[in-house]
Amino acid sequence: MAELQEVQITEEKPLLPGQTPETAKTHSVETPYGSVTFTVYGTPKPKRPAIFTYHDVGLNYKSCFQPLFQFGDMQEIIQNFVRVHVDAPGMEEGAPVFPLGYQYPSLDQLADMIPCILQYLNFSTIIGVGVGAGAYILSRYALTHPDTVEGLVLINIDPNAKGWMDWAAHKLTGLTSSIPEMILGHLFSQEELSGNSELIQKYRNIITHAPNLENIELYWNSYNNRRDLNFERGGEMTLKCPVMLVVGDQAPHEDAVVECNSKLDPTQTSFLKMADSGGQPQLTQPGKLTEAFKYFLQGMGYMASSCMTRLSRSRTASLTSAASIDGSRSRSRTLSQSSESGTLPSGPPGHTMEVSC
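Small disclaimer: the values here were computed from a predicted structure and weren't measured.

**Q** Could you clarify how one ought to interpret the overall build of the protein chain in this entry?
**A** If you tally the helices and strands in the protein chain, you get 14 helices and twelve strands. Restricting the contact set of the protein chain to residue pairs at least 6 apart, pairs at least 24 apart contribute 71%. Of the roughly 16000 Å² of accessible surface on the protein chain, a fraction of 51% belongs to carbon and sulfur atoms.

**Q** What am I meant to see in helix α5 (residues 133-144) here?
**A** In an α-helix, one turn spans 3.6 residues; hence positions three or four apart end up facing the same way. For α5, built from twelve residues, the straight-helix expectation of 16 Å at 1.5 Å per residue is met to within 8% by its first-to-last C-alpha distance of 17 Å. The element α5 is largely enclosed, with a buried count of eleven among its twelve residues. Among all positions in α5, only A133, G134, A135, Y136, I137, L138, S139, R140, Y141, A142 and L143 are buried. Turning to α5, the residues buried within the fold contact β4 (50-54), α3 (107-112), α4 (114-121), β6 (126-131), β7 (149-155) and α10 (213-224).

**Q** Would you take a moment to explain the nonpolar core for this structure?
**A** One broad rule of soluble globular proteins: the nonpolar side chains tend to lie buried together. Core analysis: the largest hydrophobic core is formed by 92 residues, its most contacted members being F52, V84, L152, Y219, L239, L245 and F293. Ranked by the residues each element gives to this core, the list is headed by α5, at eight residues.

**Q** Explain helix α9 (residues 198-208) to me, please; I cannot follow it from the model alone.
**A** Looking at α9, one finds that the buried residues are I200, Y203 and I207. Buried positions in α9, seen along its axis, are confined to an arc of 75° and lie on one side of it. Packing partners of the buried residues in α9 comprise α1 (61-69), α7 (179-187), α8 (190-195), α10 and α12 (281-284).

**Q** Explain the packing of aromatic side chains here, please?
**A** The description of an aromatic ring pair uses the distance of the two centres, along with the angle that the planes make with each other. The tally for this structure, following the rule as stated, stands at ten aromatic pairs. With a centroid separation of 5.8 Å and an interplanar angle of 75°, the aromatic rings of F81 and Y302 are classed as edge-to-face. Of this pair, F81 sits in the loop between α2 (75-78) and β5 (83-87) while Y302 sits in the loop between α13 (286-299) and α14 (309-313); the two residues are 221 residues apart in sequence, bridging distant segments of the chain. Note on F81: relative accessible area 1%, which makes it buried. Using a relative accessible area of 14% as the deciding quantity, one classes Y302 as buried. Residues Y104 and Y219 carry aromatic rings whose centres are separated by 6.1 Å and whose planes lie at 40° to one another, so their mutual orientation is tilted. Of this pair, Y104 sits in the loop between β5 and α3 while Y219 sits in helix α10; the two residues are 115 residues apart in sequence, bridging distant segments of the chain. In textbook terms, an aromatic cluster arises when at least three aromatic residues are bridged by ring pairs, as seen for F98, Y102, Y104 and Y219. Taking NZ or CZ as reference, R48 lies 5.2 Å from the ring centre of F81, over its face. Directly above the aromatic system of Y223 lies the positively charged group of R226, at a separation of 4.2 Å from the ring centroid.

**Q** Before we go on, may I ask you to explain the environment of Y33 in this structure?
**A** Turning to its location among the elements, Y33 is positioned in the loop between β2 (23-31) and β3 (34-41). Residue classification places Y33 among the partly exposed positions, given a relative accessible area of 32%. With 79 residues separating them along the chain, Y33 and D112 place their C-alpha atoms 8.4 Å apart. Ignoring sequence-local partners within four residues, the contact set of Y33 consists of Y102, P105, Q109, D112 and M113.

**Q** Please explain the side chain of N160 as it appears in this structure.
**A** Looking at the secondary structure, you find N160 in the loop between β7 and α6 (164-176). Once you skip the residues sitting within four places of it in the chain, N160 turns out to touch R226, D228, E259 and K263.

**Q** When you look at the environment of C64 in this model, what are you seeing that I'm missing?
**A** Within the secondary structure layout, C64 lies in helix α1. Take C64: its relative accessible area is 0%, and that puts it in the buried class. A C-alpha to C-alpha distance of 7.7 Å links C64 and Q282, two positions 218 residues apart in sequence. Among all residues touching C64, those that are not within four sequence positions of it are H55, D56, L59, V131, Q282 and L283.

**Q** What should I look at first to understand the packing of α7 against α9 in this one?
**A** Running from N to C, α7 and α9 cross one another at 140°; their axes reach a closest spacing of 10 Å. By the angle between their directions, the pair α7 and α9 is classed as oblique. Here α7 and α9 pass one another in a crossing that is right-handed. Here α7 contributes P180, E181, I183, L184 and L187 to the contact with α9, which in turn contributes Y203, R204, I207 and T208. In the contact of α7 with α9, the residues fall into six nonpolar, one polar and two charged.

Conventions we followed
Residues numbered from 1 in each chain as written. Predicted model: local features only at pLDDT ≥ 70, side-chain atom pairs only at ≥ 80, totals over all residues. Heavy atoms only, no water. Helix = DSSP H or I, 4+ residues; strand = E, 2+ residues; numbered from the N terminus. Contact = heavy atoms within 4.5 Å. Areas by Shrake-Rupley, 256 points an atom, 1.4 Å probe, with all protein chains shown as cover. Expected span 1.5 Å × (residues − 1). Buried < 20%, exposed > 50% of the residue type's maximum accessible area, 1.4 Å probe, protein only. Core = buried A, V, L, I, M, F, W, Y, C linked by side-chain atoms within 4.5 Å. Arc of directions from axis to C-beta. Phe/Tyr/Trp six-rings, centres within 6.5 Å; stacked < 30°, edge-to-face > 60°. Lys NZ or Arg CZ within 6 Å of the ring centre and 35° of its normal. Axes fitted to C-alpha atoms, helices over the stretch in contact; angles between N-to-C directions. Parallel < 35°, antiparallel > 145°, perpendicular 65-115°, else oblique. Left-handed = near helix turned anticlockwise from the far one by under 90°. Nonpolar A, V, L, I, M, F, W, Y, C, P; charged D, E, K, R; others polar.

Structure representation (structure tokens):
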């Protein structure tokens, strides 16, 4: 890590009563696969991991995660953790376009950059939060460095390499669709794109007019050339830490996340399928995702139950047992939420949560 740059900024955002502005420090560190930029919020807390995020294709850390981490109820979490937001190479704001012929890192190589970040920051463990390509990268890192990952929140993960049919469909789509449209189809459901809501218009404009669109295409190509993570329930290739899988109902990656859930340890894995959240739950349903994240952290022993009282008054949980199908899935619990008063249960992972708005 021969070179690093540090810039201190203060993020502008609406403040809650009594809340002070967060100070962020942006760093750029050299790795064996090129430079990587990341932004640190807060200060390290004794005996607590860092929250470590990685964004999806077509986005950077701000466009991917700001609605979630600026959400009011999320402040209970971020005041207790330092957090690190990584921008994939060339995705940070103001990034120059890579020269023609530049060899962009593979997703495996992007995962191999993470130890350089943690070494520079002197952080020993993380709780990863990744979306799409970022979820894959954090999973790959967790497979090779399990002792440094205490937990993972994986949104829209597809752990599988593209098959021949996928490649054929991708090539045909490329003949009739632009790169921005293909990426939008990766991020959002067809129903959302057809509805052309204000959110879709905003992100279509961000991606279509991105000054680093050539860089985005390189990241997109690396994602489409990813290797299979080869998850195997009960085998060596599995995630050893608590995992919360998240996907929106009828989202583009719903089937992939369901399949991923069937391959992970059921005693360590929670599956959250969010109704009416579309392809990007962290953008459309930050409140419900924040609530689930709090209970995930509470199950890991990091959020005191007293912090949950306000949310507990506004939710009710009903638990039902479901038997496994074809022997491929273990017994699970389904958590349904309503707006009536009640208490959400806390406990170990290993359940499926169906969240309705």
